[in-house]
Amino acid sequence: MCPRNHLQVVWFKRDLRVSDHRPLYEATQEGTVLPLYIVEPSVVNAPDFGTRHWEFIRGSLEELRKNLAKRGQPLIVRIGDAVEVLDELYQELGHFTLYAHEETGNDITFQRDKAVRKWAKSQQVQFQEYYQNGVVRVLSDRDGWSKIWERRMSEEIFSAPDQLPTIEGLEFGEIPISEQLELPTLSGSVQPPGEQAAQELLQSFLYERGQPYHYALSSPLSAFDHCSRLSPHIAYGTISLRTVVQALKKRRAELKDSTNPDAGDWKKSMRAFEARLHWQSHFMQKLESDPTIEFQSFIPPYDPLREKEFNQEYYQAWCEGKTGFPMVDACMRALRETGYLNFRMRAMIVSFVAYNLWLDWRRFGHYLAQQWTDYEPGIHYSQLQMQSGTTGINTVRIYSPTKQGKDHDPKGVFIKRWVPELAEVPLKHIHEPAKMPDEVQEESQCVIGKDYPYPIVDHVATAKEAKRRIYEMRRLPKLRQLADEVIAKHGSRKKPSSRRFSKKKSSAS
């Protein structure tokens, strides 16, 4: 047992692990550690938070508590406003030092962190924060950012503590279930949470599942199995990005001189995966550098473009997977059930709702945020805007759901799994069932307009009109100037900026 003398409080947020956890490591070097997680109603009740998020967090917290308990001191859980909880602990325990990782979250957590810093300063509580990925706080410009990322990812991994002194007389606190937080019942599944699941996924991807990754990532048929599936674990910190990067580099070194006939595919896949690990921090950096992109377009003059034209019926059909476009509907239903889609399908469903349905990303973004198990605000809002055409610098890419279905689900396996109304539809018509002759509809037990909806829009016509409106905006001199400013602040230094207005690069793929 350990008396309550000056404690080191480690505040867990999106870092639910014991391995490579610098705040935990540093705190153990200074004294007795009190590991703390705060369930914050402001976060849980936010419009971008869903039951699936809490179920993943809750499972990870239960494992974290067990891992810490094995070392001597279980995780302490409190429910309430962060500042109020910390102040109550301060009154109960006396003076302590506070440790945490930096977080690039939504505006609620951004304002929360500022309030905690202000409280700590007012109480003369030392507050130590540490980075845990490639996001740079107070970044002056993007030049040299990639070198910072490489340096951070190459740093030594912090070992988990062997032992933690037990603190006397503290209530551990209950880890609440969803019903206690008044979250709606989850209709779908949740990917297995926790640090052990993350480590197992990493190893199985690098040595078993990942060989076809570089081409399997595009199809929802193969992506569920052959993508890493690490994104929720990286988002909630059940594994550190540095751990993933270093394990990947080790694997790439092993493959370098391999004579195995499969080595070529493995090398391509591991190279492609590493590029996406860079992108993870690259997109989060955008929100870190400009928190306003959660609420307004990178180029604010784009905000009025759609805001008065929100069609509630279109929105509802899209959410429910009843648009009459089989690939869109299959993806939306799969997402609601599993919390996952591969990147290409994510881009397609956002392209469809933003361009073909002409809905404002600020109105549909929260629904998607609630569904993704791996919701990461910095990536989410950047991607919503990229696929909606409001960054002013990215290619206008309008995906044809029919073409995507034929390319990535040629036999309709994915569609028939998630849209059972189409189960008996012949392959010839599976991607465009509205074109079935009446007799085929009867034979397939799928009458369009009754068993499955007609397409709610004309894809070709709406895509053409969306491009016209976007490029009409892009031609305005003021917007070209603003686009240059976005490039300077957020753009990747590896891409030529001359591409940003290239009409030839637009796509209806």
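Data block above holds the structure.
Residues numbered from 1 in each chain as written. Predicted model: local features only at pLDDT ≥ 70, side-chain atom pairs only at ≥ 80, totals over all residues. Heavy atoms only, no water.

Asker: Could you give an account of the overall build of the protein, naming the residues involved and the relevant values?
Answerer: When helices and strands are tallied, the protein shows 23 helices and 5 strands. For 509 residues, the compact-globule formula gives about 23 Å, and the C-alpha radius of gyration of the protein, at 24 Å, lands near that figure. Its C-alpha atoms put the protein at 80 × 55 × 50 Å along the principal axes. Residues classed as buried in the protein amount to 57% of the 509 residues present. Across the protein, contacts joining residues at least 24 apart in sequence account for 78% of those joining residues at least 6 apart. With the model as given, the accessible surface of the protein reaches about 22300 Å², and the carbon-plus-sulfur share is 50%. (Helix = DSSP H or I, 4+ residues; strand = E, 2+ residues; numbered from the N terminus. Rg over C-alpha atoms; globule rule 2.2 N^0.38 Å. Buried < 20%, exposed > 50% of the residue type's maximum accessible area, 1.4 Å probe, protein only. Contact = heavy atoms within 4.5 Å. Areas by Shrake-Rupley, 256 points an atom, 1.4 Å probe, with all protein chains shown as cover.)

Asker: Talk me through the packing of helix 7 (residues 195–209) against helix 11 (residues 241–256); I want residue IDs and the actual numbers.
Answerer: Orientation of helix 7 relative to helix 11, taken along the N-to-C sense of each, is 25°, at an axis distance of 11 Å. Here helix 7 lies roughly parallel to helix 11, going by the angle between them. Crossing geometry of helix 7 relative to helix 11 is assigned as right-handed. Across from Q199, L202, L206 and Y207 in helix 7, the residues of helix 11 making contact are T243, V244, A247, L248, K250, R251 and E254. Here the residues of the contact of helix 7 with helix 11 sort into 6 nonpolar, 2 polar and 3 charged. (Axes fitted to C-alpha atoms, helices over the stretch in contact; angles between N-to-C directions. Parallel < 35°, antiparallel > 145°, perpendicular 65-115°, else oblique. Left-handed = near helix turned anticlockwise from the far one by under 90°. Nonpolar A, V, L, I, M, F, W, Y, C, P; charged D, E, K, R; others polar.)

Asker: Outline the state of the cysteines, listing residues and values.
Answerer: The final tally for this structure, using the stated rule, is 0 disulfides. No disulfide involves C227; its sulfur sits 13 Å from that of C331, the nearest cysteine. (Disulfide = S-S within 2.5 Å.)

Asker: So what's going on with the packing of helix 11 against helix 12 (residues 263–289)? Residues and values would help.
Answerer: In contact at an axis separation of 10 Å, helix 11 and helix 12 are set at 160° when each is read in the N-to-C sense. Classified by the angle between their axes, helix 11 and helix 12 sit roughly antiparallel to one another. When you trace helix 11 past helix 12, the crossing you get is left-handed. Taking contact as the criterion, the partners of L241, V244, V245, L248, K249, R251, R252, L255 and K256 in helix 11 are, on helix 12, W266, K267, M270, R271, F273, E274, L277, Q280 and S281.

Asker: Before we move on, could you go through the environment of G321 and cite the residues and values that matter?
Answerer: Note on placement: G321 falls in the loop between helix 14 (312–320) and helix 15 (326–338). For G321 and G491, which are 170 residues apart along the polypeptide, the C-alpha to C-alpha distance reads 34 Å. The contact partners of G321, leaving out residues within four places of it in the chain, are D329, M332 and R333.

Asker: Go over the pairing of strand 2 (residues 33–39) with me, naming the residues and quoting the values.
Answerer: In terms of burial, strand 2 is a largely internal element, 7 of the 7 residues being buried. Taken together, the 5 bridges between strand 1 (residues 7–12) and strand 2 define a ladder with parallel strand orientation. Residue pairing in the sheet places W11 in a bridge with L36 of strand 2. A crossover connection joins strand 1 to the parallel strand 2 through helix 1 (residues 22–30); in handedness this β-α-β unit is right-handed. Note: strand 2 against strand 3 (residues 76–79), 4 bridges, orientation parallel. Bridge pairing links V39 to I79 in strand 3. (Pairing = 2+ DSSP bridges. Right-handed = clockwise from strand over helix to strand, strands pointing away.)

Asker: How would you explain a negative patch on the surface if you had to name every residue and give the values?
Answerer: Among the surface-exposed residues, D438, E439, E442, E443 and D451 lie close enough to one another that they form a single negatively charged patch. By the secondary structure assignment, E443 is in helix 21 (residues 438–443). The exposed category is assigned to E443, whose relative accessible area is 64%. (Patch = residues over 30% accessible without salt bridge, like charges linked within 9 Å, V, L, I, M, F, W, Y side chains within 5 Å. Salt bridge = Lys/Arg side-chain N within 4 Å of Asp/Glu carboxyl O. Lys, Arg positive; Asp, Glu negative; His and termini not counted. Charge placed at Lys NZ, Arg CZ, Asp CG, Glu CD.)

Asker: Break down the nonpolar core for me, with residues and values.
Answerer: Ranked by internal contacts, the top residues of the largest apolar core, which has 76 residues, are L277, W318, L341, I349, F364, L368 and F414. By size, the runner-up hydrophobic cluster in this structure holds 28 residues, among which are V33, V43, V77 and L183. (Core = buried A, V, L, I, M, F, W, Y, C linked by side-chain atoms within 4.5 Å.)

Asker: For the sheet that holds strand 4 (residues 96–101), give the residues involved together with the corresponding values.
Answerer: Strands sit in the order 3-2-1-4-5 across an open sheet of 5 strands; the sheet is parallel. Looking at which strands have only one partner, the edges of the open sheet turn out to be strand 3 and strand 5 (127–130). In this sheet, neighbouring strand axes are inclined to one another by 25° on average, regardless of whether the strands run parallel or antiparallel. Of the strands in this sheet, strand 1, strand 2, strand 3 and strand 4 are in contact with helix 4 (residues 82–93), which crosses strand 2 at around 145°.

Asker: Account for the environment of S222, naming residues and giving values.
Answerer: Inspection of the secondary structure puts S222 in helix 9 (residues 220–226). Residue S222 is classed as buried on the basis of its relative accessible area, which comes to 17%. Considered as a pair, S222 and P212 are 10 residues apart in the sequence and their alpha carbons are 8.9 Å apart. Not counting chain neighbours up to four residues away, the residues in contact with S222 comprise A216 and C227. Engagement of the side chain of S222 in a polar contact is seen with the backbone oxygen of A216, the distance being 2.7 Å. (Polar contact = N/O pair within 3.5 Å; in protein donor to acceptor, adjacent residues only side chain to side chain.)

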